[in-house]
Amino acid sequence: MEEISKNFKIKFWGVRGSHPIPNPDMMKYGGNTSCVEIQVNGHLIIIDAGTGVIGLGNELIKNYISSGTNEFNREPISAVMLFSHTHHDHIQGFPFFKPAYIGTSKIHMYGSKSLGLDFADTLSQSMFTPFFPVDLGEMDGHLIINNFRETDMIILAPGETKPITKNIFDYDMSKLDEDSVIIHCLKSYAHPKDGVLFFKITWRGHSVVFASDKEGYIGGDSKLTSFARNTDLLIHDAQYIMDDYVSPVTPKQGYGHSTPEMAIEAAKLANAQKLILFHMDPSYTDKMIDIIGENIQNSIVNAMVAYEGLEIDLVCTK
Ligand SMILES: [Zn+2]
Ligand SMILES: [Zn+2]
């Protein structure tokens, strides 16, 4: 039992939305943009590559270097990277993700086809001269870049580093090794202009759902409610407090982000066991976010605000 409890871990490397904010008033929650690491049954899954992914990459490199004496005997870095979408705050750390420059690294990357372009084409447009000195295709690591659709599921079999993608309607689930990790996605259009992907990672009956960069709907988001039903952990956008969301001077309605109230409603409707508020506005100081955290204590949902360095063991949260 002890071994299992250590095997579904979630770590937050970047929790801000919009842009990074290095500022002494924001050190408690952190200034890096979106990045979440999931270690599950020996697999490394990374959600988003905002600036938070730079620190994660540096740690992976440290472990890689200490695993051997040269590039031929070191343990190669292997990861699945899921991209919610390609706004700057979700990809701007990738050019500085050092494992992608190591020739033995294998990084399986998944994102949505958007505005008619394959995910690989969209991503390569974000990284080429003169905007960055290295083109995406010039990175030494083996990058396997795929479109991810709602009808797909990614299977990470025990001990296998290569993910398999199957159609959810065609696959005989009885063939599945019960120790496999499964990744599903849901396309949401509640974020301009072409929506985002939400992700659900499931292992041994436990799951985490990542739903950032989405605005709430009146009565809740029915697709998300079904997708996240009974999840152990819902990571949900909560960028704006209600006063900012409906501000008569600079209203944020239609920006594609939620308030803490919307996140709480989503968690309640889905019967999520725990809610993490994510993608905090970069203008919010630690003091302001402390108040958000205090206010949500009165809700019936088990909720907290994400901060850089927060680690959650899913099996232990139940
Ligand atoms: Zn964002
Ligand atoms: Zn966005």
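Thresholds, definitions, all that
Residues numbered from 1 in each chain as written. Chains lettered and ligands numbered in written order. Predicted model: local features only at pLDDT ≥ 70, side-chain atom pairs only at ≥ 80, totals over all residues. Heavy atoms only, no water. Donors = N, O, S within 2.8 Å, 3.2 Å for Na, K, Ca; no water. Tetrahedral: all angles 85-135°; square planar, octahedral: opposite > 155°, others 65-115°. Buried < 20%, exposed > 50% of the residue type's maximum accessible area, 1.4 Å probe, protein only. Helix = DSSP H or I, 4+ residues; strand = E, 2+ residues; numbered from the N terminus. Pairing = 2+ DSSP bridges. Axes fitted to C-alpha atoms, helices over the stretch in contact; angles between N-to-C directions. Phe/Tyr/Trp six-rings, centres within 6.5 Å; stacked < 30°, edge-to-face > 60°. Lys NZ or Arg CZ within 6 Å of the ring centre and 35° of its normal. Right-handed = clockwise from strand over helix to strand, strands pointing away.

Engineer: Hey, could you run me through the coordination of the zinc ion (ligand 1) in this one?
Structural biologist: Angles at a metal have ideal values that depend on geometry: 109.5 degrees with four tetrahedral donors, 90 or 180 degrees with six octahedral donors. Ligation of the zinc ion (ligand 1) by protein atoms is provided by Asp 89 (OD), His 90 (NE2), Asp 213 (OD) and His 279 (NE2), these donors lying 2.1 to 2.2 Å from the ion. Here the zinc ion (ligand 1) is ringed by four donor atoms whose angles at the metal span 91 to 166°, and the overall shape comes out irregular. Sequence spacing of the donors to the zinc ion (ligand 1): D-H-x122-D-x65-H.

Engineer: Looking at this structure, I do not really get helix H7 (residues 260–270). What am I missing?
Structural biologist: For the α-helix, the turn length of 3.6 residues means that residues three or four positions removed from each other point alike. All buried positions along H7 are accounted for by Pro 260, Met 262, Ala 263, Ile 264, Ala 266, Ala 267 and Ala 270. Note on H7: the residue one or two positions beyond its end, Asn 271, has a positive phi of about 55°.

Engineer: How should the sheet that holds strand E1 (residues 8–14) be read in this particular structure?
Structural biologist: In any sheet, the strands associate via hydrogen bonds between backbone groups, in a parallel or an antiparallel arrangement. In space, the seven strands of this open sheet follow the order E6-E5-E4-E3-E2-E1-E15, with mixed pairing throughout. The strands lining the two open edges of the sheet, one partner per strand, are strand E6 (142–147) and strand E15 (311–313). Each strand axis lies, on average, 20° off the axis of its neighbour in the sheet, ignoring direction. In terms of strand pairing, strand E4 (residues 78–82) meets strand E5 (residues 106–111) through five bridges, oriented parallel. Considered in E5, the bridge of Met 81 is made with Met 109.

Engineer: When you look at the packing of aromatic side chains in this model, what are you seeing that I'm missing?
Structural biologist: The geometry of an aromatic ring pair comes down to the distance between the two centres and the angle between the two planes. Considering all chains together, one arrives at eleven aromatic pairs under this definition. Ring geometry for Phe 128 versus Phe 131: centroids 5.7 Å apart, planes at 80°, classification edge-to-face. Residue classification places Phe 131 among the exposed positions, given a relative accessible area of 65%. Members of the aromatic cluster, each reached through a chain of ring pairs, are Phe 83, Phe 94, Phe 97 and Phe 119. One cation-aromatic arrangement involves Arg 74 over Tyr 64; the distance from NZ or CZ to the ring centre is 5.5 Å.

Engineer: Just to check I follow, could you spell out the pairing of strand E13 (residues 275–278) for this structure?
Structural biologist: Where a strand is regular, its side chains alternate between the two sheet faces. Of the two faces of E13, both are covered, the one formed by Leu 275 and Leu 277 as well as the one formed by Ile 276 and Phe 278. By the bridge criterion, four bridges tie strand E12 (residues 233–237) to E13 in an arrangement that is parallel. Opposite Ile 235, over in E13, you have Ile 276 as the bridge partner. Relative to strand E14 (residues 303–305), E13 is paired through three bridges, and the arrangement is parallel. Bridge pairing in E14 links Leu 277 to Val 305. Note that the unit made of E13, helix H8 (residues 286–296) and E14 has a crossover that is right-handed.

Engineer: What exactly am I supposed to notice about the pairing of strand E7 (residues 152–156) here?
Structural biologist: Within E7, five of the five residues are buried, which leaves the element mostly enclosed by the surrounding structure. Residues Asp 152, Ile 154 and Leu 156 line one face of E7 and the alternating positions Met 153 and Ile 155 line the opposite face, and both faces are buried. In the sheet, E7 pairs with strand E8 (residues 164–167) via four bridges, with the strands oriented antiparallel. In the strand pairing of E8, Asp 152 is matched with Asn 167. Note: E7 against strand E9 (residues 181–188), four bridges, orientation antiparallel. Counted as the bridge partner of Met 153 is His 184 from E9.

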